[in-house]
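Report on the structure
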Amino acid sequence: MSRTSIPDLHETYRDGEPLTMLTAYDAPIARQVDRGGVDMILVGDTAGDNHLGYDDTVPVTMAEALSNTAAVDRAVEDAMVIGDMPFGSYGQSMETSVDNAVRFLKEAGADAVKLETAPHGDTTIEIIDRLTELGIPVQGHIGLTPQRMNQIGGAYIQGRDTSSSAATDALVETAERLVDAGVFAVVLETVTEGTGKAVTEAIDVPTIGIGAGRHVDGQVLVITDLLGLGGESFSLSKRYADVGSTIRTAVESYVEEVADGEFPAEENVYDPLDES
Ligand code: KIV
């Protein structure tokens, strides 16, 4: 069976069914996420703070992003695999931006790429236009764009201040221009529910929300938040398991059993071959 395609996603969207996306950064987790039935797996640059031990997404390199994406690609059968282009891998020139996007498809096996776009982000929109013209499927990402964290100064809700209608208008206009540039879906991060609704109503490709409320076409969460493997819990997210404690309990049991001489037991040891 082939993986979920853009026409498959758009059919689900037209049928009014919500779309699901989760992040994954390695093969074992990606295998479970895929078998769990999501439509899309995003190999997010949230690998920075959820997989690679950085403070945020900014330090993630192309080499790390490609390696994570290739690991996920090897494990996934059904979901669309989306490689997240890291900070600095697009924007300097059209040539390097296209080269780097191509590497996600050719070297890492991604089915699509995702690029963050600032409000009215002309440079990125132009790049996305070129990528889609060349046959590279692109998922847009607006609202809170963590690659601009050094500029924004924190994970603030976008469009909530006194100029909220201007901020919403800017996001609507940016989303419309992304659709004109050919994106197949738009991630909408950390905005008020009203802004999420306004963007969703303005465009005719699916919006995938994270902290964007209930009136969007699909949802995405960061896998470590969902599993209870991340340090913090966020109000935009939901913890569906406490895998962190499960791992810690297993490790403590192992340490205890080795100390007590309970492991390895008789069934864990090899006998010599019977040569008689
Ligand atoms: O990198 C990522 O995981 C993301 C999601 C939060 C949408 O961009």
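Please read all numbers here as calculations on a predicted model, not as lab measurements. (Residues numbered from 1 in each chain as written. Predicted model: local features only at pLDDT ≥ 70, side-chain atom pairs only at ≥ 80, totals over all residues. Heavy atoms only, no water.)

Positionally, Thr-224 belongs in helix 10 (residues 223-227). Under the relative-accessibility criterion, Thr-224 is labelled buried at 7%. Other than its neighbours up to four places away in sequence, Thr-224 contacts Asn-50, Leu-229 and Gly-230. (Helix = DSSP H or I, 4+ residues; strand = E, 2+ residues; numbered from the N terminus. Buried < 20%, exposed > 50% of the residue type's maximum accessible area, 1.4 Å probe, protein only. Contact = heavy atoms within 4.5 Å.)

On to the site of the ligand. Neighbouring residues of the ligand: Thr-23, Leu-42, Gly-44, Asp-45, Thr-46, Asp-84, Lys-114, His-141, Val-187, Glu-189 and Ile-210. Contacts to the ligand include Lys-114, whose side-chain N or O atom sits 3.0 Å from an oxygen atom. Surface burial for the ligand is 97%, taken as the share of its 260 Å² of free accessible area covered by protein chains. Split into classes, the residues belonging to the shell around the ligand amount to 3 nonpolar, 4 polar and 4 charged. (Near = heavy atom within 4 Å. Polar contact = N/O pair within 3.5 Å; in protein donor to acceptor, adjacent residues only side chain to side chain. Areas by Shrake-Rupley, 256 points an atom, 1.4 Å probe, with all protein chains shown as cover. Nonpolar A, V, L, I, M, F, W, Y, C, P; charged D, E, K, R; others polar.)

Moving on, we get to unusual backbone geometry. Cis geometry is adopted by the peptide bond preceding Pro-264, which originates at Phe-263 and carries an omega value of 0°. One non-glycine residue, His-120, adopts positive backbone phi at about 55°. Structurally, the position occupied by His-120 is in the loop between strand 4 (112-116) and helix 6 (122-133). Residue His-120 is classed as partly exposed on the basis of its relative accessible area of 40%.

One closed barrel holds the 8 strands; their spatial order is 1-2-3-4-5-6-7-8, and the pairing between them is parallel. With direction set aside, neighbouring strand axes in the sheet form an average angle of 25°. As paired elements, strand 5 (residues 138-143) and strand 6 (residues 185-189) share 5 bridges and run parallel to each other. When the bridges of strand 6 are listed, Gly-140 appears paired with Val-186. (Pairing = 2+ DSSP bridges. Axes fitted to C-alpha atoms, helices over the stretch in contact; angles between N-to-C directions.)

On to the pattern of salt bridges. For the coordinates displayed, the defined rule picks out 9 salt bridges. Here Arg-103 ties to Glu-107 by a salt bridge, and the two come within 2.8 Å at their closest N and O atoms. For Arg-103, a relative accessible area of 32% corresponds to the partly exposed category. We note a salt bridge from Lys-197 to Glu-201, for which the minimum N-O separation is 3.2 Å. (Salt bridge = Lys/Arg side-chain N within 4 Å of Asp/Glu carboxyl O.)

Attention now goes to the pairing of strand 8 (residues 218-221). In the sheet, strand 1 (residues 19-23) pairs with strand 8 via 4 bridges, with the strands oriented parallel. Bridging across to strand 8, Leu-19 finds its partner in Gly-218. Where strand 7 (residues 207-210) lies against strand 8, 2 bridges are found, and the strand directions are parallel. Looking at strand 8, one finds that Ile-208 is bridged to Gly-218.

Moving on, we come to a nonpolar patch on the surface. On the surface, a cluster of nonpolar side chains totalling about 610 Å² of accessible area is made up of Leu-229, Ile-247, Val-251, Tyr-254, Val-255, Val-258 and Phe-263. Its place among the elements puts Phe-263 in the segment after helix 11 (243-260). Taking relative accessible area as the criterion, Phe-263 reaches 35% and is therefore assigned partly exposed. (Patch = residues over 30% accessible without salt bridge, like charges linked within 9 Å, V, L, I, M, F, W, Y side chains within 5 Å.)

Quick look at the nonpolar core now. Of all hydrophobic cores here, the largest spans 36 residues; its most connected members are Phe-104, Val-113, Leu-115, Leu-131, Ile-142, Val-183 and Val-199. Contributions of two or more residues to this core are made by helix 4 (62-75), helix 5 (94-106), strand 4, helix 6, strand 5, helix 8 (164-180) and strand 6. Here the element with the most residues in this core is helix 8; it accounts for 5 residues. Once residues lying within four places of it in the same chain are set aside, the contact partners of Ile-142 are Thr-117, Leu-171, Thr-174, Ala-175, Leu-178, Val-186, Val-187, Leu-188, Glu-189 and Val-199. Core analysis: the second largest hydrophobic core is formed by 35 residues, Ala-27, Val-43, Met-80 and Leu-227 among them. (Core = buried A, V, L, I, M, F, W, Y, C linked by side-chain atoms within 4.5 Å.)

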